[in-house]
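Fold and contact review
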Amino acid sequence: MGPHDQQQTTPAAAGGAAPKYRKQEQEPANPEVTEVAPGILRLQLPIHLPGLGHVNCYALEDERGFAVVDPGMPGPRAWKELRAAFARAGIPLARVHTAIVTHSHPDHFGGAGRLAREVGASIVAHRSFRLRWNPAEPNDDIDAEAQAAATSSACVHGSACDGADGHQHHDGEMIREHNWDSPAPWGGRPPAPTRLRRLRWRLLRAVPRWMPTPVPTTRLREADTIRFAKRDWVAVHTPGHTADHLCLFDPAEGVFISGDHVLPTITPHISGLMMADDPLQKFFDSLDKVRVFHDQVRTVLPAHGHPFHDLAGRVDAIKHHHDGRLDRLHTASKELGRAGTVTEFSNYLFSPRAQGPMADSETYAHLEHLAMHGRAERRRRPDGLLEYDVA
Ligand SMILES: [Zn+2]
Ligand SMILES: [Zn+2]
């Protein structure tokens, strides 16, 4: 845990009936609009998911109007909430000229397509930005809503898995690359939202005016610069949580927009389904990459939770969390005394109520990381399940 983890006061201590949130990211959206850095407002948009109470939409002002980062979830209710938040901030919708999307999760890109359609906003994302649920793509049963469903189930395992070291996981990627009905790469059950939920989301998608697909008009490459809030921002590609994750660094004012890559009190979900080769290593590399900026960064603006200052401290805490996980797999292997399946190892990492395909996917990412670094042996059993021996 970094020094910026917020300790919530208990209702008794606060003298009121305020609910207690163990994590900043769980707090419901505060309607207050705050200036968090020169020319940058923080608007909190509600997300109605267990484990995530809001997403931060940052509004960057310049002479042309506003660029907004991560304008919330898709759908009519989120759009209404976005408009209300802009109204509170005194930002006329027509002045929004750009939507910046940090990555391809619905709580981040959701409002971008609608902003493009309603007010002609440009959409800025990393060049690898990709939505698998795009209706234009053939044979695609996976959509943004399904991702949202995965996000909510991830939060369940997240809140359970923090018993040991106080970390939680934020997800949304999970099923993006995976078909519901085929087995997971490790042979187990793939994560999937309920049928009802899938149907509901599919209906929503069927009404395109509610969820226009965001099509980036500017696709940034690593180290590209782009001008917002009257200064230049450097694009920093940070694959790990998703392959297309983008952070933005402002050397002039020392501001770092971190998206879900570096969050104040939870760790982003790293999915074993997301990329073929060692997503955990990609995430570590992306953490090391942003850590390099730490002595120039005065303010980190995360997508969930409060702005914070100690980028290096938070990066180190997140890496420490994952190192703990990898060590735990090592001791679990000893305790098992034989090779174990992903689910068996998952039982060591996650509490009973967190068990399931989401937990398995994260465990799989860790086991694959060990295997690729020669610290575990992997083989496929006759029944199709992968099993691992951790050295
Ligand atoms: Zn995300
Ligand atoms: Zn998020």
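Residues numbered from 1 in each chain as written. Chains lettered and ligands numbered in written order. Predicted model: local features only at pLDDT ≥ 70, side-chain atom pairs only at ≥ 80, totals over all residues.

1. A closer look at helix α2 (residues 76-89)
Heads up, the rule is: Only DSSP runs of H or I with at least four residues qualify as helices, and only runs of E with at least two residues qualify as strands; both kinds are numbered from the N terminus onward. Every helix has an expected span of 1.5 Å times one less than the residues it contains. Exposure is read from a count of other C-beta atoms within 10 Å of each residue's own; the residue is exposed at 12 or fewer, buried at 20 or more and partly exposed in between. C-beta atoms are placed from the backbone. It is the directions from the helix axis to the C-beta atoms that the arc portrays. By the criterion used throughout, residues are in contact when their C-beta atoms, derived from the backbone, lie within 7 Å.
Counted at 1.5 Å a residue, the expected span for α2 with its 14 residues is 20 Å, and the 20 Å between its end C-alpha atoms agrees. What α2 keeps buried is the set Ala 78, Trp 79, Glu 81, Leu 82, Ala 85 and Phe 86. On an axial view of α2, the arc spanned by its buried residues comes to 165°, and they lie on one face. Of the residues in α2, the exposed ones pointing more than 90 degrees away from the buried face are Arg 77, Lys 80 and Ala 87. Lining the buried residues of α2 we find β2 (40-49), β3 (52-62) and α4 (112-119). Gly 90 lies just past α2 and shows a positive phi near 70°.

2. Some thoughts on the pairing of strand β5 (residues 96-100)
Threshold: Pairing between two strands is assigned when DSSP locates at least 2 bridges connecting them. Crossovers are described as right-handed under a simple rule: with the strands pointing away from the observer, the path leading from the first strand over the helix to the second runs clockwise.
Where burial is concerned, most of β5 is hidden: four out of the five residues are buried. Note: strand β4 (residues 65-69) against β5, four bridges, orientation parallel. Counterpart to Val 68 in the pairing with β5 is Ala 99. Considered for its hand, the β-α-β crossover made up of β4, α2 and β5 is right-handed. As defined by bridge partners, β5 adjoins strand β6 (residues 122-126) across three bridges and the pair is classed as parallel. The partner of Ala 99 across the bridge, within β6, is Ile 123.

3. Comments concerning the sheet that holds strand β17 (residues 386-390)
Strands pair in a sheet through their backbones, by hydrogen bonds, and they do so in one of two ways: parallel or antiparallel. The condition that has to hold: Axis lines are fitted through C-alpha atoms, for helices just across the contact stretch, and the angle between N-to-C directions can take any value from 0 to 180 degrees.
Pairing in this open sheet of three strands is antiparallel, and the strands run β15-β17-β16 from one edge to the other. Pairing within the sheet leaves two strands with one partner each, and these edge strands are β15 (340-341) and β16 (376-380). Bridging between β16 and β17 involves five bridges; their strand directions are antiparallel. Among the inter-strand pairings, Arg 378 is bridged to a residue of β17, identified as Tyr 388. Packing against the sheet, helix α10 (residues 357-372) makes contact with β16 and β17, and its axis sits at approximately 110° to β16.

4. Examining the environment of His 369
Along the chain, His 369 turns up in helix α10. A residue is classified by how many C-beta atoms lie within 10 Å of it, and His 369, with 25 of them, is buried. Residues His 369 and Pro 279, spaced 90 residues apart in sequence, show a C-alpha to C-alpha distance of 7.9 Å. Once you skip the residues sitting within four places of it in the chain, His 369 turns out to touch Asp 278, Leu 280, Gln 281 and Leu 326.

5. Observations concerning helix α7 (residues 279-291)
For α7, spanning 13 residues, the distance from its first C-alpha to its last is 18 Å, which sits close to the expected 18 Å at 1.5 Å a residue. Pro 279, Leu 280, Lys 282, Phe 283, Ser 286, Leu 287 and Val 290 are the residues of α7 that are buried. All buried residues of α7 fall inside an arc of 155° around its axis, so they share one side. Here the buried face of α7 lies against β10 (231-237), β11 (246-250), α8 (311-336) and α10.

6. Focus on the confidence of the model for the protein chain
Test applied: You can read pLDDT as the predictor saying how much it trusts each residue, on a scale of 0 to 100.
Put simply, the protein chain has an average pLDDT of 82, and 75% of its residues get 70 or more. Counting contacts from residues 1-16, a segment whose pLDDT is below 50, to residues more than four positions away or on other chains yields 26 contacts. Contacts for the low-pLDDT stretch residues 171-178, under 50 throughout, to residues beyond four places or in other chains number 42 contacts.

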